[in-house]
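Here is how the chains run, residue by residue.
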Amino acid sequence: MIGYDDALFALLQQARRLDAVSCATADALGKVLAADVVSPMDLPSFDHSAMDGYALHAGQTLAAGTEHAVHGSQAAGDASCTSQGMAWEIMTGARLPEGLDTVVPVERTELLARHNDGSPARMRLLDTLNAKANVRYAGSDVAKAAVAIQAGTSVEANHVMLLAALGVAQVQVVRPPRVAVICTGKELQADLAQPLADGQIYGSNGPYLAAAFAAMGAQVCCCETVDDTSATFVAAVRRAREAAADLIVSTGAVSMGRYDFVPDALSELGAQVLFHKVAIRPGKPQLAAMLGDAMVFALPGTPMAVAVGLRFFVAPVLRAMRGQVPERTWQAVLDAPQQAKGGLLHFLRATVMPGSDGRLHAHVLAQQQPFRIQPFAQANAWVLLSGDAQGNALVEVVGLRPETLVFGQNHPAGAR
């Protein structure tokens, strides 16, 4: 058997970067940037007022009690204007008139006189006013030609806000990886609307992988279930190749039983095996290979072996293909001792929550057998153990899906 780190290294050595495509900013949510976004402008693009008040030329400071004639008024959206040192009424977001450098909030002034149209004519400062107060300067958020968002960033709503503010209508993103899913087993009923025949079970791996890949921004180009024969599997792999799949993920028939035909079938197809069997639990029998320019992940059919294969082998490869840095792990306090067979890296379903001591705490769920699905539905994290661990030991944890460690339903975790 190969160790997990060595297996992952072998995979990452083969991961090829995906092509870049142009994408409208409005459609970029969830996609990964293929290139740095370089700011085409200063943000803000001009000096403007941070509040409603009066714009003044302060130099250094203006003393409390000083009086100032108000020459004009500037609202948000008004074109630039010039002041000869005279105060201007100004609104939040309005461009600062040329020659003025400071804004005093209207509530820190006393209005002394109005013009015939009702606009302010003269006011008095109630406090000492320092130069450059309450002004948002051009480029103070993002300078022109600076990198606004780095390549490898997965675009979220906050990034869309920044791109829109910069007037960036198109971005270069990594094209979605194309994935083919092949589930093997004559016992599998793929149509959930059909009743089960004697000896059948509903196929859960295919729907799980399709949903998980969609959540990861991958395009599932085909998802099919085949029986326990090499011929049907080989035909399915050839269809995946015709669909230009970057990754082919199969489940089942990869161990040492009489019906475990996948290794021989891949050999027949001319695949280059990277490894077969990894020192992990669950998922030890899994196999990875290169078939031309496609990477093949042949996972055991047990549900949690599939989940582990996706989370800890396929997901890191997808990150590398998108030009993203490796995902980090977190530290949590183990609430109860755990026994884990030495020589294997164990992936345990768990719930991770913040404790009253300010640290993350990991509770490993009962019934960790790899066929059990309900604990997976109850978990929000994985605990990684390479041997026995005592209660209160610090252990590595990762979110149930990549880049996500949540408490309860929707509370993101902080680093510890």
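Along every chain, residues carry numbers that run from 1 in the direction the sequence is written. A pLDDT threshold of at least 70 governs which residues receive local features in this predicted model, and a stricter bar of 80 or more applies before side-chain atom pairs are shown or counted, although totals over entire chains, interfaces and linings include all residues. Computation of side-chain values: all heavy atoms of the structure, hydrogens and water removed.

**Q** Would you take a moment to explain the overall build of the protein chain for this structure?
**A** By the criteria applied, helices consist of DSSP H or I runs no shorter than four residues and strands consist of E runs no shorter than two, each listed in order from the N terminus. Counting its secondary structure elements, the protein chain contains 7 helices and 30 strands. Its C-alpha atoms give the protein chain principal-axis dimensions of roughly 95 × 50 × 40 Å. Exposed residues in this analysis have more than 50% of their type's maximum accessible area, buried residues have under 20%, and partly exposed residues fall in between, with area computed by a 1.4 Å probe over protein chains only. Considering the protein chain as a whole, with its 416 residues, one finds that 45% of them fall into the buried category. At a minimum sequence separation of 6, the contacts of the protein chain that also span at least 24 residues come to 71%. Working note: accessible area of the protein chain is about 19,900 Å², and carbon and sulfur atoms make up 51% of it. Between the centroid of the 31 positive side chains of the protein chain and the centroid of its 37 negative side chains there is a distance of 5 Å. Any pair of residues with heavy atoms lying within 4.5 Å of one another is described as a contacting pair. Here the Shrake-Rupley method, with its probe set to 1.4 Å, supplies the accessible areas, and only the displayed protein chains count as covering residues. The charge count includes Lys and Arg as positive and Asp and Glu as negative, but it does not include His or the ends of the chains. For charged residues, the charge sits on one atom: NZ in Lys, CZ in Arg, CG in Asp, CD in Glu.

**Q** Would you mind going over helix α3 (residues 205-215) with me for this structure?
**A** An α-helical segment advances 3.6 residues per turn. Residues three or four places apart therefore align on the same side. Along α3, the positions that sit buried rather than exposed are Asn205, Gly206, Leu209, Ala212 and Phe213. Down the axis of α3, the sector holding all buried residues measures 135°, keeping them to one side. Away from its buried face by more than 90 degrees, α3 exposes Ala214 and Ala215. In the core, the buried residues of α3 are packed alongside β15 (178-184), β18 (219-226), β19 (247-251) and α6 (303-321). The directions from the helix axis to the C-beta atoms are what the arc is built from.

**Q** Looking at this structure, how should I read the sheet that holds strand β9 (residues 109-114)?
**A** Sheet strands line up and pair through hydrogen bonds in the backbone, either parallel or antiparallel. One bridge is not enough; two strands pair if DSSP finds at least two bridges between them. As summarised here, the arrangement of the 6 strands in space is β8-β4-β7-β6-β10-β9, forming an open sheet in which the pairing is mixed. Strands with a single pairing partner mark the edges of an open sheet, and in this sheet they are β8 (102-105) and β9. When the angles between neighbouring strand axes are averaged without regard to direction, this sheet yields 35°. Looking at chain direction, strand β4 (residues 53-56) and strand β7 (residues 87-90) are connected through 3 bridges and run antiparallel. When the sheet's bridge partners are listed, Tyr54 is paired in β7 with Glu89. Fitted lines through C-alpha atoms give the axes, limited to the stretch in contact for helices. The angle between two N-to-C directions lies from 0 to 180 degrees.

**Q** Quick question: what am I supposed to make of empty space enclosed by the protein here?
**A** In this approach, a probe sized like a water molecule rolls over the atoms, and the result shows the empty space that is left. Both site types are read off a 1 Å grid over the protein atoms alone. A 1.4 Å probe that fits but cannot get out defines a cavity, while an open set with protein on both sides within 12 Å along at least five of seven lines defines a pocket; lining residues have an atom within 4 Å of a point. Grid points are joined across faces, edges and corners, and a volume is the space filled by probe spheres set on the points. On inspection of all chains with the given rule, the structure shows 1 cavity of 30 Å³ or more. Put simply, the largest cavity is a space of about 50 Å³. Taken together, Gln14, Ala15, Arg16, Asp246, Leu247, Met290, Asp293, Met295 and Met321 make up the lining of the largest cavity. Put simply, Ala, Val, Leu, Ile, Met, Phe, Trp, Tyr, Cys and Pro go in the nonpolar bin, Asp, Glu, Lys and Arg in the charged bin, and everything else, Gly too, in the polar bin. Partitioned by chemical class, the residues of the lining of the largest cavity number 5 nonpolar, 1 polar and 3 charged.

**Q** Where do I start with the packing of α3 against α6 in this structure?
**A** Packed helices, taken two at a time, are described by the angle their axes make and the gap between the axes. Running from amino to carboxyl end, α3 crosses α6 at an angle of 25°, the nearest separation of the two axes being 11 Å. Judged by the inter-axis angle, α3 sits roughly parallel to α6. Crossing angle aside, the handedness with which α3 passes α6 is right-handed. Residue-level inspection shows Asn205, Tyr208, Leu209, Ala212 and Phe213 of α3 in contact with α6, the latter providing Pro303, Val306, Ala307, Leu310, Val314 and Leu318. For the contact of α3 with α6, the residue count by class is 10 nonpolar, 1 polar and no charged. Orientation categories follow fixed angle ranges, with anything under 35 degrees roughly parallel, anything over 145 roughly antiparallel, 65 to 115 roughly perpendicular, and all other angles oblique. For any pair of crossing helices, the crossing counts as left-handed if the nearer helix is rotated counterclockwise from the farther one by less than a right angle, and right-handed if it is rotated clockwise.

All we've got here are geometric facts, nothing functional implied.
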